[in-house]
Amino acid sequence: MTLGEVVKVLDAKLLVGEDRHLAIEVKTAFSADLMSDVLAFAKSGSLILTGLTTPQVVRTASILDAIALIIVRGKTPPQDTLKLAHELDIPVLSTNYILFETSGRLYANGIVGCVEKIGGINNSKL
Amino acid sequence: MNTTYKKSLAVEGGNFDNAGMASIEIKKILKDLNIHDDILRKTAIAVYESELNIISYARNGRINLIVDDNEISIDVQDEGPGIEDIELAMQPGYSTATEHIRQMGFGAGMGLYNIKSCSDRFEISSTVNVGTHLKIIINRGNNL
Ligand SMILES: Nc1ncnc2c1ncn2[C@@H]1O[C@H](COP(=O)(O)OP(=O)(O)O)[C@@H](O)[C@H]1O
Ligand SMILES: [Mg+2]
């Protein structure tokens, strides 16, 4: 699905990002509140779903060339986080759904995990 | 390319506000040098975790990047408390991170393990009350 469709499915607010971002195709995602786990397992070109709102989340997304950050549980990131996301060109979405629901809705629409389980390299459904 | 690219960046211990800035700068440099995505990602992760460790645990440090035709070499040196038991520190999950570090999503004890996984060659040495030194080598493969 495209990032624009992700916004619709999650009834999300696009806090940072422009029309050109909404056309980007998304296939994989990773959910975590531990950035070291994101670094260990997320693949580039994925969505990162998290409940954290610090600027470090944006830098982690940038290091990984993530397609977008999805902030769950209705949290609004502080201004410095949004400013940095704008500077580093990382789209930021905010959804009121909890992490479980957010992941489930995306999965039901064909998005799969970056890795399926630990020990496997790629997701067999890709 | 038949040149060697060098860059040295200082990292200040305790400066969490800028955590990740040095790594993002290095990533930009590597992108400009046309390093492959996969190798770029591995290098960026290793540098980022190294930068975070300087900020989290040391007084100050330096990240020295050298890129030649064959490999990317990252030398990370800091002045700080050092690591008493390196084997223990390398274990996934082991962490002495403070609450502040955890609130930012770090301190899962995966850092050194991640650095090692991203490296083709990895060496760590440390002297208590002096500092820690990481040598990270990532092969460029046929990416010239
Ligand atoms: N540069 C350093 N100086 C002093 N201690 C360090 C340094 N890097 C790592 N450590 C020690 O090793 C532990 C494990 O580091 P790491 O694997 O990066 O996990 P984390 O940073 O999440 O704790 C740290 O909690 C800390 O005790
Ligand atoms: Mg660490």
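Keep in mind that what you see is a predicted model, and the values were worked out from it rather than measured.

Rules behind the numbers
- Residues numbered from 1 in each chain as written.
- Chains lettered and ligands numbered in written order.
- Predicted model: local features only at pLDDT ≥ 70, side-chain atom pairs only at ≥ 80, totals over all residues.
- Heavy atoms only, no water.
- Helix = DSSP H or I, 4+ residues; strand = E, 2+ residues; numbered from the N terminus.
- Rg over C-alpha atoms; globule rule 2.2 N^0.38 Å.
- Near = heavy atom within 4 Å.
- Polar contact = N/O pair within 3.5 Å; in protein donor to acceptor, adjacent residues only side chain to side chain.
- Areas by Shrake-Rupley, 256 points an atom, 1.4 Å probe, with all protein chains shown as cover.
- Nonpolar A, V, L, I, M, F, W, Y, C, P; charged D, E, K, R; others polar.
- Contact = heavy atoms within 4.5 Å.
- Buried area = accessible area lost by both parts, 1.4 Å probe.
- Salt bridge = Lys/Arg side-chain N within 4 Å of Asp/Glu carboxyl O.
- Buried < 20%, exposed > 50% of the residue type's maximum accessible area, 1.4 Å probe, protein only.
- Pairing = 2+ DSSP bridges.
- Axes fitted to C-alpha atoms, helices over the stretch in contact; angles between N-to-C directions.
- Expected span 1.5 Å × (residues − 1).
- Parallel < 35°, antiparallel > 145°, perpendicular 65-115°, else oblique.

J.: Looking at this model, I keep getting lost on the overall build of chain B. Mind explaining?
T.: When you go through chain B residue by residue, the secondary structure sums to five helices and five strands. Starting at the N terminus, the α and β elements of chain B follow one another as β-α-α-β-β-α-α-α-β-β. Taking 144 residues into account, the globule formula puts the C-alpha radius of gyration at 15 Å, and chain B, at 15 Å, falls close to it. Here the C-alpha coordinates of chain B stretch approximately 45 × 30 × 25 Å along the principal axes.

J.: How do you make sense of the site of ligand 1 when you look at a structure like this?
T.: Residue and element names in this part refer to chain B. As a structural note, the neighbourhood of ligand 1 is formed by 18 residues, with Y57, D78, S95, T96 and G109 the closest of them. Within the backbone of G111, one N or O atom sits 3.2 Å away from an oxygen atom of ligand 1. Protein burial of ligand 1: of its 530 Å² of free accessible surface, 94% is covered by the chains. Looking at the shell around ligand 1, its residues break down into nine nonpolar, eight polar and one charged.

J.: Just checking my understanding: could you explain the interface of chain B and chain A for this structure?
T.: Accessible area lost upon the coming together of the parts is a frequently used measure of interface size. Contact with chain B, which involves 23 residues of that partner, is made by 21 residues of chain A. Buried surface at the junction of chain B and chain A, both sides included, amounts to about 1800 Å², of which 60% is carbon and sulfur. In terms of surface lost to chain A, no three residues of chain B exceed B:I24, B:R41 and B:Y48, which account for 29% of the buried area on that side. At the junction of chain B and chain A, the tally comes to two salt bridges. A salt bridge links B:K27 to A:D65; its shortest N-O distance comes to 2.7 Å. Linking chain B to chain A there are 11 residue pairs in polar contact (both at pLDDT 80 or more).

J.: Looking at this model, I keep getting lost on the environment of A:A85. Mind explaining?
T.: Residues and elements named next belong to chain A. In this structure, A85 sits in helix 5 (residues 79–88). Residue classification places A85 among the buried residues on the basis of a relative accessible area of 0%. Note: C-alpha distance between A85 and L69 (16 residues apart in sequence) is 9.1 Å. The residues touching A85, leaving out its near neighbours within four places in the chain, are V16, V58, I90 and V92.

J.: How should the sheet that holds strand 3 (residues 46–50) of chain A be read in this particular structure?
T.: To summarise the sheet geometry, strands pair through backbone hydrogen bonds and adopt either a parallel or an antiparallel arrangement. Residues and elements named next belong to chain A. Spatially, 1-5-4-3-2-6 is the arrangement adopted by the six strands of the open sheet, whose pairing is mixed. The sheet is open, and its two borders are formed by strand 1 (13–16) and strand 6 (112–113), each paired with just one other strand. As judged from the four bridges shared by strand 2 (residues 28–31) and strand 3, these two strands associate in the parallel manner. Paired with A29 across the bridge in strand 3 is L47. In the packing of helix 5 onto the sheet, the strands contacted are strand 1 and strand 5 (92–94), and the crossing angle to strand 1 comes to about 75 degrees.

J.: Just checking my understanding: could you explain the sheet that holds strand 4 (residues 121–127) of chain B for this structure?
T.: Residue and element names in this part refer to chain B. Ordered in space as 1-2-3-5-4, the five strands form an open sheet in which the pairing is antiparallel. Only two strands of the sheet have a single partner each, and these edge strands are strand 1 (5–12) and strand 4. Taking the axes of each pair of neighbouring strands and ignoring which way they run, one obtains an average angle of 10 degrees across the sheet. As paired elements, strand 1 and strand 2 (residues 60–67) share eight bridges and run antiparallel to each other. Bridging from a neighbouring strand, K6 pairs with I66 of strand 2. Where helix 1 (residues 21–32) meets the sheet, it contacts strand 1, strand 2 and strand 3 (71–79), and its direction lies at approximately 170 degrees from that of strand 1.

J.: Help me understand helix 2 (residues 37–57) of chain B, please; the structure alone is not making it clear to me.
T.: Taking 1.5 Å as the rise per residue, helix 2 of chain B with 21 residues should run 30 Å; its terminal C-alpha atoms sit 30 Å apart, in good agreement. Counting buried positions along helix 2 of chain B yields 16 of 21 residues, so the element is predominantly enclosed.

J.: Which parts of the structure should I look at to understand the packing of helix 4 (residues 55–63) of chain A against helix 2 of chain B?
T.: Think of two packed helices as two axes; the pair is described by the angle between the axes and how far apart they sit. One way to put it is that helix 4 of chain A packs onto helix 2 of chain B with a least axis distance of 9 Å and a crossing angle of 150 degrees. The angle between helix 4 of chain A and helix 2 of chain B places the two elements in the roughly antiparallel class. In contact with A:Q56, A:R59, A:T60 and A:I63 of helix 4 of chain A, helix 2 of chain B contributes B:A44, B:I45 and B:Y48. Classifying every residue of the contact of helix 4 of chain A with helix 2 of chain B by side-chain character gives four nonpolar, two polar and one charged.

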